[in-house]
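Summary of the model geometry
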Amino acid sequence: MKEERVKQLTNQIVELFRRSGYDVDAKEISKRLMLLIYEFKVPESEAIKTVKNWLIKELEIPKERLAVESPLVKIADITKPGQWISLKAKVVQLWDSSSPNVSQVGLIGDETGIIKFVIWAKSGKGEVEEGKSYLFRNVVTDSFQGRMQINVNRNSEIIEIDEDIQLPPREIEVVGALVAIQQNSGLIQRCKLCRRVMTKGICPIHGKVEGYDDLRIKGVLDDGENFYEIILNEENIKALTGIDLEKAKQIVAERLDRNAVLSELKSKLLGRYLKVRGTKGGRYLIVSDVEFLKGIDKAEVEKLIEEVAA
Ligand SMILES: [Zn+2]
């Protein structure tokens, strides 16, 4: 356990110095870390700092030669140019660059914001792809025409990560056909403790607990280009169908079937064109406003298209 951890930390330090062109003695580093952390009970971060400083002194390394481990920051924290930082971000967009000095340019984002990035051709760093997430290690912040950006240079590293970095929620408007309504829609039960949707009286976190009724639709909107997973709440559903929670309970009481609400909503909404406004952060578009696009539904449009084609 101890040995394992010390080995890990040793490798990090060896790697850090190697990147700056110095070969250091791993054995000696391990010995010192072991002593500091487990004998003298120095906190890990302090121990690492101590060993690094000792190496810098020992090897007479000018401070600026050492590629320091840059702190991991969020995009919202990037406010000053000339800082060495690391960040995890998703490539949002790649732009065309006309400059031969630039390998790639575009936008990256995390849950706190979006920022421009430039990978300089000289850096010799691998290509990034739109929609993928990366650790951008040891990049430099810069300010260009009053906006912050990050530059990837020779001392930087770009490592693809197996993590889907979320982007900041953004307000969007989508017009499309509601092509699917998921089974766990309609009159549902939520856990009183955490508001999660319960299945057969069971909360996925709290087990068998008391629940309360709610109305929601999880559906798929198709705008002809993309599919959007949308969530409609009671208010949205009422605005479209006139059915609110009370009405839904009434339907259940009349037909003695909880699923009757879902059937009713499907018959009123599936295939209809909706104009939806909401925020999209992660997977779902959380709807704030919704209305029917008057006068058309998917079946009619398809019929029209067929007629035109014929
Ligand atoms: Zn719960």
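One structure accompanies this document, and this report is about it.

Rules used in this analysis
Residues numbered from 1 in each chain as written. Predicted model: local features only at pLDDT ≥ 70, side-chain atom pairs only at ≥ 80, totals over all residues. Heavy atoms only, no water. Donors = N, O, S within 2.8 Å, 3.2 Å for Na, K, Ca; no water. Tetrahedral: all angles 85-135°; square planar, octahedral: opposite > 155°, others 65-115°. Helix = DSSP H or I, 4+ residues; strand = E, 2+ residues; numbered from the N terminus. Buried < 20%, exposed > 50% of the residue type's maximum accessible area, 1.4 Å probe, protein only. Salt bridge = Lys/Arg side-chain N within 4 Å of Asp/Glu carboxyl O.

Details of the coordination of the zinc ion
- Here the zinc ion is held by C191 (SG), C194 (SG), C203 (SG) and H206 (ND1), and the distances to it run 2.1 to 2.3 Å.
- With four donor atoms in place around the zinc ion and angles of 106 to 113° between them, the coordination shape is tetrahedral.
- Coordination of the zinc ion draws on donor residues from a single chain, spaced C-x2-C-x8-C-x2-H in sequence. With C191 in strand β8 (residues 186–191) and H206 in the loop between β10 (202–203) and β11 (207–208), the pair connects residues that are 15 residues apart, well separated along the chain.
- On the basis of relative accessible area, C191 is assigned to the buried category, the value being 0%.
- On the basis of relative accessibility, which here comes to 35%, the residue H206 falls in the partly exposed class.

Regarding the pattern of salt bridges
- Scanning all chains against the criterion turns up 20 salt bridges.
- Here D164 ties to K90 by a salt bridge, and the two come within 2.9 Å at their closest N and O atoms. On the criterion of sequence distance, the pair formed by D164 in the loop between β6 (157–160) and β7 (170–181) and K90 in strand β1 (residues 84–95) is long-range, its members being 74 residues apart.
- Under the relative-accessibility criterion, K90 is labelled buried at 14%.
- A salt bridge links R277 to E173; its shortest N-O distance comes to 3.7 Å. In this pair, R277 is assigned in strand β14 (residues 272–280) and E173 in strand β7, connecting sequence segments 104 residues apart.
- You can call R277 partly exposed: its relative accessible area is 34%.
- Residues joined in a network through salt bridges with shared partners are E171, E173, R277 and D289.

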